[in-house]
Amino acid sequence: MNLSASGKKFFSENEQVLLVSNISTNSSIECLQACHANVYCRVFDYDGETNQCRLFEGDVNSMGIIDVPSSLLSIVGWIQLKKEAFISRGWPCHFCVYERNLICRNSTCQCLARTYFDGSICRSQKLLGDQCTSETDCRNDVNLTCLSRKQCGPLIIQSGITVGGYSNGLPGLTNDALSAPFGVVVDQDGSLLVSDASNARIMRLYEGSIVGTVVAGTGIAGNESTRFSFPSHLFIDNASNVYVGDTLNGRVMLWLNGSSSGVSVTGSTRILGRTIGVAVDSQKNVYVAETDNHRVTKWAPNATSGIVVAGTGISGMDNQHLSFPFGLYLDEVQSYLYVADYGNNRIQRFTLGISLNGTTVAGGNGYGSNDNQLSFPQAICVSKKTGAIYIADTFNNRIARWNAGATSGATLVGITGMFGTNATFLYGPGSVTLNKNETYLYVADLNNNRIQRFTLI
């Protein structure tokens, strides 16, 4: 048993789930004895002023913190687990009759309830949001399971909520419908802007209503300043001005907040091929994925031509080349530009102003559906909190999450290789974004003609 210094208290990750007992004892020694007598107790704290003794399940290092309380007479103790205590796991029951950490089940020594074997010891099962690799890792007594996102959580959060378009996947022209929504971004007030591609318009959707408002475009395709031709990815700045990849018109259009028309920020001459991905920095430089030109260009304000910042203009597979780049994400703090390298089934990261050589940060292991592969990814979003990369893995019908530095990802939402219209399915996701505090993930479920919202944990 390990003991903290005086003046410490245990603050558990989830007291309602982890608190085993709250009793009164005359000393910390009696509290320690009470913990040792309860096979589920692995942490205790004792307050000498109130004689309160609290017993907890859980690992002291991963399911709470030891911190300073108001009482100077409090102390924390915890049981240090060693693999030698579990050596008889799997042996006949007579080997664990007197073992504190094992129980006889099905004629063999097994881990206690609410614990799992990690290969050396029986650890406390994990709680909501904790990383997991198998069903037994998670507290199933409180309806947690190891989700495809490799986190413990309830199955219900794998179901998306339709916040734009029809949940049955049908397209439409009215303001409560969408047709091939390609891009989605979150505005400062939490509302969504959606590029309703086949309807040639940009829609704004507010929380609690799927009836949108047209904020750009006329609903009829064209190349005038008031129209789009298959608008794709979007970028919105702090003033709620929106930049639109006007894909089939070969340009990026800027619509100032409240304006009835847009202006091209990529010169007066159309870019040959499709313009899909868009990112903008604080100096109003616009980064454009020239998809069919296999490159990304940077356009300064009022520029008549762009500067190549990624790719060469020729399709290729090495770290200098791109093949049909789609979505972009700019991390201006780190000077990183992330590119969904669609034709190479990878995500490339370029350090702006330093090198035209990209670094593969996700995928790059060929076309496929394994955890270390992508299938024609179309969009990316990077967490400002963790650096995790969220990827619209389009032909796998999933959103994959790759943690920073990882060599493989996890299927966050969607079911790999399957499509449909129920709440757990995606069908060709075209874009992905996070809300400001990163509690929600929004997906432009392109072939299902809807916007889906998923809860993050």
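In what follows, the structure referred to is the one given above.
A brief look at the structure comes next. (Residues numbered from 1 in each chain as written. Predicted model: local features only at pLDDT ≥ 70, side-chain atom pairs only at ≥ 80, totals over all residues. Heavy atoms only, no water.)

With respect to the state of the cysteines
And step 1. Inspection of the entire model under this criterion finds seven disulfides.
And step 2. Residue Cys111 pairs covalently with Cys122 via a disulfide, S to S 2.0 Å. Its S-S torsion of about -75 degrees marks the bond between Cys111 and Cys122 as left-handed, since a negative value means left-handed. Linking Cys111 in strand E9 (residues 108–111) with Cys122 in strand E11 (residues 122–124), this pair joins segments that are 11 residues apart in sequence.
And step 3. Put simply, Cys138 and Cys152 are joined by a disulfide, and their sulfur atoms are 2.1 Å apart. Between Cys138 and Cys152, the S-S torsion sits near -80 degrees, and that sign places the bridge as left-handed. Separated by 14 residues along the polypeptide, Cys138 in the loop between E11 and strand E12 (145–146) and Cys152 in strand E13 (residues 152–153) bring together distant segments of the chain. In terms of burial, Cys138 and Cys152 fall into one category: buried. (Disulfide = S-S within 2.5 Å. Helix = DSSP H or I, 4+ residues; strand = E, 2+ residues; numbered from the N terminus. Buried < 20%, exposed > 50% of the residue type's maximum accessible area, 1.4 Å probe, protein only.)

Let's talk about the environment of Gly219
And step 1. The residue Gly219 is located in the loop between strand E18 (213–217) and strand E19 (231–236) in this model.
And step 2. Between the alpha carbons of Gly219 and Ile202 there is a distance of 8.8 Å; along the sequence they are 17 residues apart.
And step 3. Excluding anything up to four places from it in sequence, Gly219 contacts Asn199, Ala200 and Arg201. (Contact = heavy atoms within 4.5 Å.)

Side note on unusual backbone geometry
And step 1. Within the chain, Asn51 stands out as a residue other than glycine whose phi angle is a positive 65 degrees.
And step 2. Within the secondary structure, Asn51 is located in the loop between strand E4 (43–47) and strand E5 (52–56).
And step 3. Although it is not a glycine, Asn449 sits at a positive phi angle of roughly 55 degrees.
And step 4. On the secondary structure map, Asn449 appears in the loop between strand E36 (440–445) and strand E37 (450–455).
And step 5. In this structure Asn449 comes out as buried when scored by relative accessible area, which is 9%.

A few points about the side chain of Arg100
And step 1. Inspection of the secondary structure assignment puts Arg100 in the loop between strand E7 (74–78) and strand E8 (102–105).
And step 2. Only 2.9 Å separates the side chain of Arg100 from the backbone oxygen of Cys35, close enough to count as a polar contact.
And step 3. From its side chain, Arg100 meets the backbone oxygen of His36 in a polar contact 3.0 Å long. (Polar contact = N/O pair within 3.5 Å; in protein donor to acceptor, adjacent residues only side chain to side chain.)

Describing the pairing of E19
One face of the sheet, then the other: side chains in a regular strand alternate in exactly this way.
And step 1. Across the six residues of E19, five count as buried, placing the element largely inside the fold.
And step 2. Pairing of E19 with strand E20 (residues 242–246), which is carried by four bridges, proceeds in the antiparallel orientation. The residue of E20 that forms the bridge with Ile236 is Val242.
And step 3. Remark: five residues form the turn of the hairpin made by E19 and E20, two consecutive strands paired antiparallel; Ser240 in that turn has positive phi of roughly 65 degrees. (Pairing = 2+ DSSP bridges.)

Quick notes on the sheet that holds strand E35 (residues 431–434)
And step 1. Sheet architecture is open: four strands sit in the order E14-E37-E36-E35, paired in antiparallel fashion. Here the strands that pair on one side only, and so sit at the sheet edges, are strand E14 (161–165) and E35. Between one strand axis and the next, the sheet turns by 25 degrees as a mean value, whatever way the strands run.
And step 2. Where E35 meets E36, four bridges bridge the pair, whose relative direction is antiparallel. (Axes fitted to C-alpha atoms, helices over the stretch in contact; angles between N-to-C directions.)

Description of empty space enclosed by the protein
And step 1. Going through the model one piece at a time under the given rule, you end up with one cavity of 30 Å³ or more.
And step 2. Taken together, Val39, Tyr40, Arg42, Glu57, Gly58, Leu112, Thr115 and Ser124 make up the full set of residues lining the largest cavity.
And step 3. Residue composition of the lining of the largest cavity, by class: three nonpolar, three polar and two charged. (1 Å grid on protein atoms, 1.4 Å probe; cavity = no way out; pocket = protein on both sides within 12 Å on 5 of 7 lines; lining within 4 Å. Points joined across faces, edges and corners; volume = space filled by probe spheres on them. Nonpolar A, V, L, I, M, F, W, Y, C, P; charged D, E, K, R; others polar.)

A short note on the nonpolar core
And step 1. Grouped together as the largest cluster of nonpolar side chains are 35 residues, with contacts concentrated most on Tyr338, Ile347, Ile380, Tyr390, Ile391, Ile399 and Leu441.
And step 2. Each residue touching Tyr390, except ones within four places of it in the same chain, is listed here: Ala379, Ile380, Cys381, Ser383, Ala400, Arg401, Leu412, Val432, Leu434, Leu441 and Leu456.
And step 3. Core analysis: the next-biggest nonpolar cluster, separate from the first, contains 17 residues, Cys35, Phe44, Ile75 and Cys122 among them. (Core = buried A, V, L, I, M, F, W, Y, C linked by side-chain atoms within 4.5 Å.)

Brief notes about the sheet that holds strand E15 (residues 181–186)
And step 1. Taken in spatial order, the four strands line up as E15-E16-E17-E18 in an open sheet, and their pairing is antiparallel. Only two strands of the sheet have a single neighbouring strand rather than two, namely E15 and E18. Looking at each pair of strands side by side, their axes are set apart by 25 degrees on average, direction ignored.
And step 2. When E15 meets strand E16 (residues 192–196), the two strands line up antiparallel, connected through five bridges.

Some details on the pattern of salt bridges
And step 1. Summed over the entire model, instances satisfying the criterion amount to 18 salt bridges.
And step 2. Note that Glu57 and Arg114 form a salt bridge whose closest N and O atoms lie 3.0 Å from each other. Of this pair, Glu57 sits in the loop between E5 and strand E6 (64–67) while Arg114 sits in the loop between E9 and strand E10 (115–117), and the two are 57 residues apart along the sequence.
And step 3. What makes Glu57 buried here is its relative accessible area of 6%.
And step 4. The residue Arg398 makes a salt bridge to Asp393 at a minimum N-O spacing of 2.7 Å.
And step 5. Taking the relative accessible area as the measure of exposure, Arg398 reaches 2% and is therefore buried.
And step 6. Within this structure, Glu57, Arg114, Arg139 and Asp141 form a network of salt bridges that share partners. (Salt bridge = Lys/Arg side-chain N within 4 Å of Asp/Glu carboxyl O.)

Regarding the packing of aromatic side chains
And step 1. The final tally for this structure, using the stated rule, is 14 aromatic pairs.
And step 2. Summarising the aromatic geometry, the rings of Phe228 and Trp255 are spaced 5.6 Å apart at their centres and angled 40 degrees between planes, so their arrangement reads as tilted. Highlighted residues: Phe228 in the loop between E18 and E19 and Trp255 in strand E21 (residues 251–255), separated in sequence by 27 residues. No difference in accessibility class separates Phe228 from Trp255, as the two residues are buried. (Phe/Tyr/Trp six-rings, centres within 6.5 Å; stacked < 30°, edge-to-face > 60°.)

Points about the layout of surface pockets
And step 1. One number sums up the size of the second largest pocket: a volume of about 250 Å³.
And step 2. Lining of the second largest pocket is provided by 16 residues; of these, Leu254, Val265, Lys284, Pro301 and Asn302 occupy positions nearest its centre.
And step 3. Of the residues contributing to the lining of the second largest pocket, the split by class is 10 nonpolar, four polar and two charged.

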